[in-house]
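What follows is the residue order along each chain.
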Amino acid sequence: MSRDIFADAARRHAHALPGHTLLAAEPGALPASALTVDVLVEQSEDLEAAQKYTLRAMLNGIDTVDDLQLFLGLSEGDTGRAVANLLLAEYVTYQPPAQGGVRRLQLLPAGLEAARDAQLRRPMSTTIQVIYDRLIGTVTDWRRNSLRRSKQAKSDPARILMPPASSMPVRTIDLTISTLTEILDPRTRDGVRILGISGVTENRNFYRDAILLVFKDDESNTLRLGVEIDGRWSERHAAALEAIGAVERLRLSAAPVEHPYEPVTDPGARLGKDSVVALQISGEHATGEDENEALDRAAIRWLGVYEHPQWLADAVANSRRRLLISSPRIRTTVANVEWIRRIESLSRTVDVTIVWGVDDNDGSDRDALAALHAAARRANRLGIIRVDDTRTKVLVSDSYYIATSFNWLSFRGEPSRKYRQNDGDLVRDQGLADRAYDKYLAEACALAVEVVGTLPAKYRDLVDTGATWTDQGTTTSGPVVSRKSRRPAAPSRAERRKTALGKLAAGQTVSGPVKTLTAFGAFVDLGEVDGLIHISELAAHRVQHPSEVVSVGETVTVLVLDVDTVRERISLSEGGNICRFRTKPTSV
């Protein structure tokens, strides 16, 4: 797989919180302050304080153990240990006295030098520069050049700035001598000893890069946060975010999937979520590669939302024949300058097609679209297709494809900070990948309202004649060719959907095939629009899963409960008398 720091972080910590599902690994920043601390220091010595002051006392004529004990104010035992250590170091001698005399200590040459050196050293005032982590409230070993200025950190809309634990300024009582000593440069630490802290000046204008991990409780929509710093999970920062209610302060929330992807219904065993998660957890602690091999062997398997960015990066890096990406919106937080450069480079040898468009295209960044269009006009095999509304979110590479509800090109930096559990299916089968590529690209061409760049030759004639098409012509240096409508344009998909919604009203009875089953209900195909039978409306009795009542492809007659034309949602009910025409379910 390709290298992406956020995808790597997601893979490392996807299962860090039992009972939770990882929804995103986001660029984040920790609040930091640069501190200038006024300290009292002295040069460090090999001698202990008792030995140092014993030498100083002897230098000034105090040379008996009893007098030293009185001078130092130590116990008899501590004074004796200080003298004994100096004897072992050959700093002093303790010769037996003359008959009737008092036994006295004498300085040896090495002791005399050490005594004079100890007497010359005096404490001094100085300042040291340290970085303070304002989320967990402690000094760190971060370096100044690892920080971002606040203005720079805030300029990236995708970066989530984590709040500080307190708005109070840092005080001297918030710092300790031991902590300051630990973070000193080793070269300095070996030469000085901090004796006290007299003052501190704070500059809050900094942030430290980190990765914010967003988890959702499997039993509810409750979110929890984790933090990775320099590739390591930080329990202290995760606990601090929990303590200050960071989810609410950052206005983060979880939302259900509004438009489920079309599940893969082709024959063959599908490795479900529980099995995939169990294998991934086992693989994190196993010495062999059996678990990873089991995942690789699965032709169809569940794909967690945290895995999608990694597969997108892999497709851009390793596709050799084709790449199709369908995503309703495009944002610069994903399709940035570097990403577009890679896409343009890839399209020199690979057919690359990007399909986008939803409703009135709110949410897409004009700068990203303009840059993609410019790249498509320069490249030989890059095409950008805009449709009125694509509910399809798919990625197709050479030998695999991913059907999903994940927003491939706008998953990062969503202004609302609303996270969805956008799962998908990874299908690693050449035949199925070929069919998916043909199906999705043909559909996009038929619904195209604008094409910029070059499409694969097989699909060019499928583009609706009402679409606007701008490309390079027959040669890379040739003129720009614009293909305009030669007949009145047919109603767009959005227009057809609005018309269909206008024909529906509460109380009507309608029929259609069941299109998709989800944990919360069944979607019925009503032509241009889909309606939802909530699980509570499927039967008079309690239903654990919609599959107990209906099947995909089965035609049902249902009652229209409500039509929301603004949100384009239709609520249906079995109405106490659901009717089924036993038609053979069709494959999706």
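Note: the structure precedes this text.
What you see is a predicted model; the values in this text were computed from it and never measured.

Looking at the pairing of strand S28 (residues 569-573)
Argument step 1. Where strand S26 (residues 530-534) lies against S28, two bridges are found, and the strand directions are parallel. Of the residues in S28, the one forming a bridge with Ile533 is Leu572.
Argument step 2. As paired strands, strand S27 (residues 555-564) and S28 are joined by five bridges and run antiparallel to one another. Across the sheet, Asp562 pairs through a bridge with Ser571, a residue of S28.

Description of the pairing of strand S9 (residues 223-229)
Argument step 1. The buried fraction of S9 is high, at six of seven residues.
Argument step 2. As judged from the six bridges shared by strand S8 (residues 192-217) and S9, these two strands associate in the antiparallel manner. Among the inter-strand pairings, Leu213 is bridged to a residue of S9, identified as Gly226.
Argument step 3. Joining the antiparallel neighbours S8 and S9 is a turn of five residues.
Argument step 4. Judged from the two bridges that link them, S9 and strand S10 (residues 232-233) form a sheet pairing that is antiparallel. Looking at the pairing, Glu228 lines up with Trp233 of S10.
Argument step 5. The hairpin formed by S9 and S10 contains two residues between the paired strands, and Asp230 there has a positive phi angle of roughly 55°.

Notes on the packing of aromatic side chains
Argument step 1. Applying the stated rule across the entire model yields six aromatic pairs.
Argument step 2. Relative to Tyr400, the ring of Trp311 has its centre 5.1 Å away and its plane inclined at 70°; by these criteria the two rings are edge-to-face. Of the two residues, Trp311 is situated in helix H13 (residues 308-318) and Tyr400 in the loop between strand S17 (394-396) and strand S18 (401-404); the sequence distance between them amounts to 89 residues. Grouping residues by exposure puts Trp311 and Tyr400 together as buried.
Argument step 3. Look at Phe406 and Phe411: their rings are 5.0 Å apart centre to centre, the planes differ by 35°, and that puts the pair in the tilted class. Here Phe406 matches Phe411 in class, with each residue buried.
Argument step 4. Three or more aromatic residues link up through ring pairs in this structure, and these residues are Phe406, Trp408 and Phe411.
Argument step 5. Between the NZ or CZ atom of Arg103 and the centre of the ring of Tyr94, over which it lies, the distance is 4.3 Å.
Argument step 6. Across the ring face of Tyr437, the terminal group of Arg322 is positioned such that the distance to the ring centre comes to 4.8 Å.

Looking at the packing of helix H2 (residues 49-59) against helix H4 (residues 76-88)
Argument step 1. Two numbers describe how H2 lies on H4: the axes approach to 9 Å, and their chain directions differ by 80°. Between H2 and H4, the angle is such that the two are roughly perpendicular. For the pair formed by H2 and H4, the contact residues are Ala50, Gln51, Thr54 and Leu55 on the first element and Ala82, Asn85 and Leu86 on the second.
Argument step 2. Across the contact of H2 with H4, the residue classes break down as four nonpolar, three polar and no charged.

Here is what the cut-offs are and how they apply
Residues numbered from 1 in each chain as written. Predicted model: local features only at pLDDT ≥ 70, side-chain atom pairs only at ≥ 80, totals over all residues. Heavy atoms only, no water. Pairing = 2+ DSSP bridges. Helix = DSSP H or I, 4+ residues; strand = E, 2+ residues; numbered from the N terminus. Buried < 20%, exposed > 50% of the residue type's maximum accessible area, 1.4 Å probe, protein only. Phe/Tyr/Trp six-rings, centres within 6.5 Å; stacked < 30°, edge-to-face > 60°. Lys NZ or Arg CZ within 6 Å of the ring centre and 35° of its normal. Axes fitted to C-alpha atoms, helices over the stretch in contact; angles between N-to-C directions. Parallel < 35°, antiparallel > 145°, perpendicular 65-115°, else oblique. Contact = heavy atoms within 4.5 Å. Nonpolar A, V, L, I, M, F, W, Y, C, P; charged D, E, K, R; others polar.

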